[in-house]
Amino acid sequence: MIATERPDLLLTGKMVPVVEEGVDKLFTVHRLANAKDRNAFLAEVSPRIRAIATGGQFPVTAAIMEKMPKLEIVANFGVGYDSVDAKWAGAHGIVVTNTPDVLNDEVADTTIALLLNTLRELPQAEKYLRAGKWREKPYPLTNTLRDRTIGIVGMGRIGKVIAKRLEGFDRPIVYHSRKPAAGVPYKHYPDLVAMAKDVDVLIAIVPGGPATKNMINADVLKALGPNGVLINVARGSVVDEPALIEALKNKTILAAGLDVFAEEPKVPQALIDMENVVLLPHVASATHWTRRAMGQLVVDNLAAWAAGKDPITPVVETPWPPKKK
Ligand code: NAP
Ligand code: 8YV
């Protein structure tokens, strides 16, 4: 990029202030959120777009990118970039960046909170108190973490931090991933059903996308069994949602704590109506501190590219420097 030029950037939705303000300093920003007719807006700006800042609410598909012949970078707000067709981008010389590591602690904290809330029914108990029912009789006794083995599905950046926190609970920890993770002391299961048979808690923290779609299916839930608890902080697509609803209804498993859903922000009424679930609106990283850090990394990636430097956190599908278009 030429230093004095302000490249055209598409902002696909409303973002945290650090991104909104950061991109305004460097780019000519085209805000899709302000468009009355999104298709007409995209048709008009696409030929000029050289950079996209996006946050998962707008799928950055091959069809979108191929209308942008000048596109060079897609900066994703979030470590998971399953809403960006990174493979297509990589094959067309476009770099995709994400926001790894800066959210590990927050997501791990939320995962532990969701696990304990699911087992100890703390949201339900609070609702009970507010409804004045405590004056009638004590809240019933609940399940516990005390007698459980925990299986983590995904032992990457966040899975490792979750495991570190869980060590403080003195419970056995095992994990599933395609390859054993270097340097971790826990037992590795290459087979998810085999691990589900041996544990009482499954915590999902793998990427979304075709390779993990519905990997937690009816067979896995059956193997987890009637004392089993599923915690999903990964992506809704990782769990076969209808199979999960059936498993919760039929007591094939005991309970679930879910931060993510197949068709966000839609949550199946069947889940909302259930007592043995705790449901969160995709908030695992949603604090001012962490979202600011994620936003800063989006801006830093874009600024590095705009200054002709290497993007800071390119994803594996888009090696840097890029191949020619
Ligand atoms: P990461 O460092 O890339 O780790 C991913 C882990 O998943 C690795 O252990 C990987 O091991 C395993 N994995 C990948 N594909 C797999 C497959 N097909 N089968 C089994 N295991 C597989 O990613 P991270 O930074 O920990 O983030 C993980 C994901 O968490 C993100 O992609 C995002 O979707 C989700 N997330 C959600 C929230 C939220 O708000 N709820 C927040 C942050 C992240 P192998 O490659 O050896 O299989
Ligand atoms: C964000 C996430 O909520 O990083 C991720 O993969 O799922 C979350 O941290 C999301 O990306 C915001 O769009």
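Residues numbered from 1 in each chain as written. Chains lettered and ligands numbered in written order. Predicted model: local features only at pLDDT ≥ 70, side-chain atom pairs only at ≥ 80, totals over all residues. Heavy atoms only, no water.

What to know about the sheet that holds strand β1 (residues 8-11)
Here 5 strands make up an open sheet; going across it, the order is β2-β1-β3-β4-β5 and the pairing parallel. Single-partner strands in this sheet number two, and they are β2 (28-31) and β5 (95-97). When the angles between neighbouring strand axes are averaged without regard to direction, this sheet yields 20°. Pairing analysis gives 4 bridges linking β1 to β2, with the strands arranged parallel. Of the residues in β2, the one forming a bridge with L11 is R31. (Pairing = 2+ DSSP bridges. Helix = DSSP H or I, 4+ residues; strand = E, 2+ residues; numbered from the N terminus. Axes fitted to C-alpha atoms, helices over the stretch in contact; angles between N-to-C directions.)

Notes on the site of ligand 2
Taken together, G55, F77, G78, V79, G80, L103, R235, H282, S285, R291 and M294 are the residues near ligand 2. R235 is positioned such that a nitrogen or oxygen atom in its side chain is 2.8 Å from an oxygen atom of ligand 2. Residue H282 places a side-chain N or O atom 2.8 Å away from an oxygen atom belonging to ligand 2. Here ligand 2, which alone exposes 330 Å², has 84% of that area covered by the protein. Each residue belonging to the shell around ligand 2 can be placed in one class, and the counts come to 4 nonpolar, 5 polar and 2 charged. (Near = heavy atom within 4 Å. Polar contact = N/O pair within 3.5 Å; in protein donor to acceptor, adjacent residues only side chain to side chain. Areas by Shrake-Rupley, 256 points an atom, 1.4 Å probe, with all protein chains shown as cover. Nonpolar A, V, L, I, M, F, W, Y, C, P; charged D, E, K, R; others polar.)

Remarks on the domain arrangement of the chain
Looking at the chain, the domain boundaries give domain 1 (8-102 + 288-306) and domain 2 (104-279). Spacing between the C-alpha centres of domain 1 and domain 2 amounts to 31 Å. In this complex, domain 1 contributes 8 residues to the contact, which on the side of domain 2 involves 7 residues. Summing the contributions of domain 1 and of domain 2, the shared interface buries around 600 Å²; its carbon and sulfur component is 42%. Considering only the side of domain 1, the residues that lose the most area to domain 2 are D82, D101 and T290, jointly responsible for 65% of the buried surface there. R235 is paired through a salt bridge with D82; the nearest N and O atoms lie 2.9 Å apart. The residue inventory of the side of domain 1 that touches domain 2, partitioned by class, reads 3 nonpolar, 3 polar and 2 charged. (Domains from an automatic or database assignment. Contact = heavy atoms within 4.5 Å. Buried area = accessible area lost by both parts, 1.4 Å probe. Salt bridge = Lys/Arg side-chain N within 4 Å of Asp/Glu carboxyl O.)

Details of the pattern of salt bridges
Applying the stated criterion across every chain yields a total of 11 salt bridges. One salt bridge connects R165 with D109, and the closest N-O pair in it is separated by 2.7 Å. With R165 in helix α7 (residues 157-167) and D109 in helix α5 (residues 104-120), the pair connects residues that are 56 residues apart, well separated along the chain. In this structure R165 comes out as partly exposed when scored by relative accessible area, which is 25%. We note a salt bridge from D147 to R148, for which the minimum N-O separation is 3.9 Å. For R148, a relative accessible area of 1% puts it in the buried group. (Buried < 20%, exposed > 50% of the residue type's maximum accessible area, 1.4 Å probe, protein only.)

Here we look at the packing of aromatic side chains
Within this structure, the stated rule accounts for 2 aromatic pairs. Judged by centre distance (6.3 Å) and plane angle (10°), the ring pair of F27 and W305 falls under stacked. Separated by 278 residues along the polypeptide, F27 in the loop between α1 (17-26) and β2 and W305 in helix α12 (residues 288-306) bring together distant segments of the chain. Residues Y128 and Y139 carry aromatic rings whose centres are separated by 5.1 Å and whose planes lie at 85° to one another, so their mutual orientation is edge-to-face. Here Y128, found in helix α6 (residues 122-130), pairs with Y139, found in the loop between α6 and β6 (150-153); they are 11 residues apart in sequence, far enough to count as distant. Since its relative accessible area comes to 23%, Y139 is described here as partly exposed. (Phe/Tyr/Trp six-rings, centres within 6.5 Å; stacked < 30°, edge-to-face > 60°.)

A closer look at the pairing of strand β9 (residues 201-204)
Neither face of β9 is left uncovered, since the one carrying V201 and I203 and the one carrying L202 and A204 both have all their residues buried. In this region the chain leaves β9, passes through helix α9 (residues 218-224) and returns to the parallel neighbour strand β10 (residues 229-232); the handedness of that crossover is right-handed. (Right-handed = clockwise from strand over helix to strand, strands pointing away.)

Description of the environment of A196
Relative to the assigned elements, A196 resides in helix α8 (residues 192-198). Classification of A196 by relative accessible area gives buried; the value is 0%. In this structure the C-alpha to C-alpha distance between A196 and V220, which are 24 residues apart in sequence, comes to 6.1 Å. Beyond its immediate chain neighbours, meaning those up to four positions away, A196 contacts L202, V220, A223 and L224.

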